[in-house]
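Listed below are the residues making up each chain.
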Amino acid sequence: MADDPFPKLGSVYRASRTKSNKFTRNVSDAQLNSGKTGDSEAISISISWCSPNSSNQNLIQKITNKDDTDSDTGDKSHEGSKKSKWFWKFFANLDKLTVDEINSQVLRWHCPACQGGTGAIDWYHGLQPLLNHARATKVRRARLHRAFAETLEEECYRRGAQLMRFGESYGLWEGLDKKVKDHEIVWPPMVLIMNTKYEQDENKKWTGMGNQELLDCFSDYAAMKARHSYGPHGHRGMSVLIFEASTAGYLESVRLHKHFREQGRDREAWNHCKKLFVPGGKRQLYGYLASREDLDVFNKHSRGKSKLKFEMKSYQEMVESKIKHINEDGQQLGFFKDMIAKEQLKSKVFADTLCKVTDKLRKTTEENHVVRERTKEHHQQNKEEMDAQEAFFLDQMQIIHQAIAAKEDEFAKSQQAKREAISANGGSSAKEGGNNIMENISSFMKSQDKDMGKFEAERDKILKMHEEKELALKKKQWQEQVQLAKELENELTQLMNKHA
């Protein structure tokens, strides 16, 4: 029978190393100038550098305005670049430092290629960020920055400083190859259970486990179906547990496979050291992941619909790729669970807050209702009092108007009585022949009519003035009432805003 189909790490994953690396590393003894520390030698592990080519050195010379004495590559060219009008001050300070100080990230540097420009004030902690800046600059003074980067790289190489070139990275280890060896697996996943026959009947035919009996025996594992293999002599002692055709089903079948293997009852044990019975006479079951060859043997005596159906699928496609999705989904599920927990907490806080606010609003509404009822009662009392005062004042006004009317009637009656008395006296005197008396009466009448005309005019004037004063008074009262109503509105608005 075939070997264990369950993939081992050694067969599925393989480690490989690339034939060549893009960059190599040196470990060498280097003579270091350590004037400050007094040390004569030091061991330095550094990335091996390629010396700047002649085209770059010529570029440096063109940019830094050096004459023919420094046009060759080599020491003269490099030293000439260091002494250019742009770089000399920077490298003069660098020459004073030891290798350890050059490698330090504590020291801060300005970019000499940026001097006089917008980036002149920028600080770089250590030479590596400064070199990265010089290499990455593509717009302002790009060629000058590139020349500075070449010169700084060469200087650090000569001094034995640990400085990484642009685009290069440290690396001493290589991981797994991205390509993983694939293999075929039975689909849907199945676990072969061996030694499931029991005894021979009177016809010399073997009997064995039934479907439900096999499922119950392994109820801790989520198998979907059970099948048994039969031949000319009855039950062949071969059975299979069929799992769900999914990643979860495959992992469950692997879990059962591993359980058999941990207890020493896997494929190898069945093939080499069969122990059919345990003390007490019970048959000992064996199990392992089914392979194509296993199922071909299982189906040896099966025909048509009784044949166990299966396919061979890619492990990468059916399991591993799905596991990646499951992991991603699991991460998203964790994220959403956290988010839901936060939202539930917020909802609880909102619900508690809403409950408190609702209760407070209910109490406030009740209190406002009580206040409004009291206000209504007070307003009704004030209205009744004002109506009573208004009735009292109206009565007073009516009495005054009645007195005025009585006085005017009395005055009119007295005037009329005078006219009647004069007329009566004048009539009796006229009979006696007194012409002068009639003239006097006529003159009196005219004088009285004239005087009454003046009276009426002055009376109308007084009434008009009184009406104007009364109207002005009412207008003033209306204005005061409107102002009082506005004050009430403002005070109530402020009160409502205060308790909103």
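Since the model is a prediction, treat every value here as computed from it, not as a measurement.

Help me understand the pairing of strand S9 (residues 223-231) in this model?
Consecutive side chains of a regular strand alternate in pointing toward one face of the sheet and then the other. As paired elements, S9 and strand S10 (residues 234-243) share seven bridges and run antiparallel to each other. Bridged to Ala 226 within S10 is Leu 241. Linking two consecutive strands that pair antiparallel, namely S9 and S10, is a turn of two residues.

Mind showing me how you'd approach the nonpolar core here?
Soluble globular proteins tend to bury their nonpolar side chains together. Phe 90, Leu 94, Leu 127, Leu 130, Phe 148 and Leu 152 are the most contacted members of the largest nonpolar core, which totals 22 residues. Mapped onto this core, the elements with two or more residues apiece are helix H4 (88-95), helix H6 (127-136) and helix H7 (142-159).

I'm lost on helix H9 (residues 247-262) in this one. Help?
In this model H9 runs 22 Å from its N-terminal to its C-terminal C-alpha over 16 residues, within 8% of the 22 Å that 1.5 Å per residue would give. Taken together, the buried positions of H9 are Thr 247, Gly 249, Tyr 250, Glu 252, Ser 253, Val 254, Leu 256, His 257 and Phe 260. Downstream of H9 by a residue or two, Gly 264 has a phi angle that is positive, lying close to 70°.

Honestly, the packing of H6 against H7 in this entry has me stumped. Any pointers?
Axis angle and axis distance: for two packed helices, these are the angle between their axes and the distance between the axes, and together they describe the pair. Packing of H6 against H7 brings their axes to within 8 Å, and their N-to-C directions diverge by 145°. Judged by the twist between their axes, the crossing of H6 over H7 is left-handed. Across the interface between the two elements, Leu 127, Leu 130, Leu 131, His 133, Ala 134 and Arg 135 from H6 touch His 145, Arg 146, Phe 148, Ala 149, Glu 150, Leu 152, Glu 153 and Cys 156 from H7. Grouping the amino acids of the contact of H6 with H7 by side-chain chemistry returns eight nonpolar, two polar and four charged.

Even after reading the chapter, I still don't get the pattern of salt bridges, so can you show me in this structure?
Note that side chains of opposite charge can pair when their charged atoms are close. Taken as a whole and assessed by the stated rule, the structure comprises 19 salt bridges. Between Glu 150 and Arg 135 there is a salt bridge, and its shortest N-O distance comes to 3.2 Å. Residue Glu 150 is located in helix H7, and its partner Arg 135 is located in helix H6; the two are separated by 15 residues in the primary sequence. The class of Arg 135 is buried, set by a relative accessible area of 17%. Of the charged contacts in the structure, one is a salt bridge between Arg 135 and Glu 153, with a shortest N-O distance of 3.1 Å. Of this pair, Arg 135 sits in helix H6 while Glu 153 sits in helix H7, placing them 18 residues apart in sequence. Like Arg 135, the residue Glu 153 is buried in the burial classification. When salt bridges with common partners are traced through the structure, they connect Glu 79, Lys 82, Asp 95, Glu 155 and Arg 159 into a single cluster.

Can you help me understand the packing of H4 against H7 in this one?
Direction vectors running N to C along H4 and H7 enclose 15°, while the axes themselves pass 12 Å from each other. One finds that H4 runs roughly parallel with respect to H7. Once H4 is placed against H7, the crossing between them reads as right-handed. Across the interface between the two elements, Phe 90, Phe 91, Leu 94 and Asp 95 of H4 pack against Phe 148, Thr 151, Leu 152, Glu 155 and Arg 159 of H7. Taken together, the residues of the contact of H4 with H7 sort by class into five nonpolar, one polar and three charged.

Can you walk me through the packing of aromatic side chains in this structure?
Enumeration over the complete set of coordinates arrives at eleven aromatic pairs. Judged by centre distance (5.6 Å) and plane angle (65°), the rings of Phe 392 and Phe 393 are edge-to-face. What makes Phe 392 partly exposed here is its relative accessible area of 47%. Ring pairs connect the aromatic residues Phe 87, Phe 90, Phe 91, Trp 109 and Phe 148, which therefore count as one cluster. Positioned above the aromatic ring of Trp 123, the side-chain terminus of Arg 108 is 4.3 Å from the ring centre.

Teacher, can you tell me more about the side chain of Ser 253 here?
Tracing the backbone through its elements, the reader meets Ser 253 in helix H9. Taking relative accessible area as the criterion, Ser 253 reaches 0% and is therefore assigned buried.

Would you mind going over the environment of Ser 291 with me for this structure?
Note that Ser 291 resides in the loop between strand S11 (286-289) and helix H11 (292-298). Looking at Ser 291, the relative accessible area reads 8%, which means it is buried. When the C-alpha positions of Ser 291 and Val 191 are compared, they lie 9.0 Å apart, and in sequence the two are 100 residues distant. Within the structure, Ser 291 has its side chain in polar contact with the side chain of Glu 293 (distance 3.3 Å).

Just checking my understanding: could you explain a nonpolar patch on the surface for this structure?
Together, Phe 335, Phe 336, Met 339 and Ile 340 line one region of the surface with nonpolar side chains, adding up to about 390 Å² of accessible area. On the secondary structure map, Phe 336 appears in helix H12 (residues 315-431). According to the relative accessible area criterion, Phe 336 is partly exposed, its value standing at 40%.

Explain the confidence of the model for the chain to me, please; I cannot follow it from the model alone.
The predicted coordinates of low-pLDDT regions are not to be read in fine detail. Within the chain, residue pLDDT values average 78, and 78% of them lie at 70 or more. Strand S2 (residues 42-47) is the least confidently modelled element of the chain, averaging 30 in pLDDT, while strand S6 (residues 190-194) averages 95, the highest of any element. Low pLDDT, under 50, characterises residues 1-57; the predicted model gives this stretch 98 contacts beyond four residues in sequence or across chains. Ignoring residues within four places in sequence, the model shows residues 68-72, a span with pLDDT below 50, making eight contacts including any to other chains.

I would appreciate a short explanation of the side chain of Glu 155 in the present structure.
Note on placement: Glu 155 falls in helix H7. Judged by relative accessible area, which is 5%, Glu 155 ranks as buried. Not counting residues up to four positions away in its chain, the partners in contact with Glu 155 are His 78, Lys 82, Phe 91, Leu 94 and Asp 95.

Help me understand unusual backbone geometry, please; the structure alone is not making it clear to me.
Among all residues save glycine, negative phi is the norm, and among peptide bonds the norm is trans. For the peptide bond that leads from Trp 187 to Pro 188, omega is 5°, which places it in the cis range. Within the fold, Pro 188 resides in the loop between strand S5 (184-187) and S6. Of note in the backbone geometry, Asn 195 takes a positive phi value of approximately 75° without being a glycine. Looking at the element boundaries, Asn 195 is found in the loop between S6 and strand S7 (197-200). Positive phi is not limited to glycine here, since Lys 204 has a value of about 60°. Here Lys 204 shows up in the loop between S7 and strand S8 (206-208). When its relative accessible area of 59% is taken as the criterion, Lys 204 is described as exposed.

Calculation notes
- Starting afresh in each chain, residues are numbered from 1 along the sequence in its written order.
- Where local features are concerned, this predicted model is filtered to residues with pLDDT of at least 70; where side-chain atom pairs are given and counted, the filter is 80 or more; whole-chain, interface and lining totals use all residues.
- The basis for every side-chain value is the complete set of non-hydrogen atoms in the structure, without hydrogens or water.
- Strand pairing is defined by DSSP finding a minimum of two bridges between the two strands.
- Strands are runs of DSSP state E lasting at least 2 residues, helices are runs of H or I lasting at least 4, and numbering of each runs from the N terminus.
- Side-chain atoms within 4.5 Å link the members of a nonpolar core, which is a set of buried Ala, Val, Leu, Ile, Met, Phe, Trp, Tyr and Cys residues.
- Only protein chains enter the area calculation, which uses a 1.4 Å probe; residues under 20% of their type maximum are buried, those over 50% are exposed, and those in between are partly exposed.
- An expected span of 1.5 Å times one less than the residue number is assigned to each helix.
- Note on method: axes are straight lines fitted to C-alpha atoms, helices fitted across the in-contact stretch only, with angles between N-to-C directions ranging 0 to 180 degrees.
- Each crossing gets its hand from how the near helix is turned against the far one by less than a right angle, where anticlockwise is left-handed and clockwise is right-handed.
- Contacts were defined at the residue level, with two residues in contact if any of their heavy atoms lie within 4.5 Å.
- Each residue is assigned to one class: nonpolar for Ala, Val, Leu, Ile, Met, Phe, Trp, Tyr, Cys and Pro, charged for Asp, Glu, Lys and Arg, and polar for all the others, Gly among them.
- Any Lys or Arg side-chain nitrogen located within 4 Å of an Asp or Glu carboxyl oxygen qualifies as a salt bridge.
- In what follows, roughly perpendicular refers to angles from 65 to 115 degrees, roughly parallel to angles under 35, roughly antiparallel to angles over 145, and oblique to any angle outside these ranges.
- Any Phe, Tyr or Trp ring, taking Trp's six-membered ring, that has another such ring centre within 6.5 Å forms a pair; planes under 30 degrees apart are called stacked, those over 60 apart edge-to-face, and the others tilted.
- The rule is short: NZ of Lys or CZ of Arg within 6 Å of the ring centre and within 35 degrees of the ring normal puts a charge over the ring.
- Under this definition, polar contacts are N or O atom pairs within 3.5 Å; protein pairs additionally need one hydrogen-donor-capable and one acceptor-capable atom, and for neighbouring residues in sequence, both atoms have to be side-chain atoms.
- Two distance rules govern patches: like charges are joined within 9 Å, and nonpolar side chains (Val, Leu, Ile, Met, Phe, Trp, Tyr) within 5 Å, applied only to residues with over 30% relative accessible area and no salt bridge.
- Note on areas: Shrake-Rupley, 1.4 Å probe, and residue coverage restricted to the protein chains presented here.
- The predictor attaches a confidence to each residue, and that confidence, scored 0 to 100, is pLDDT.

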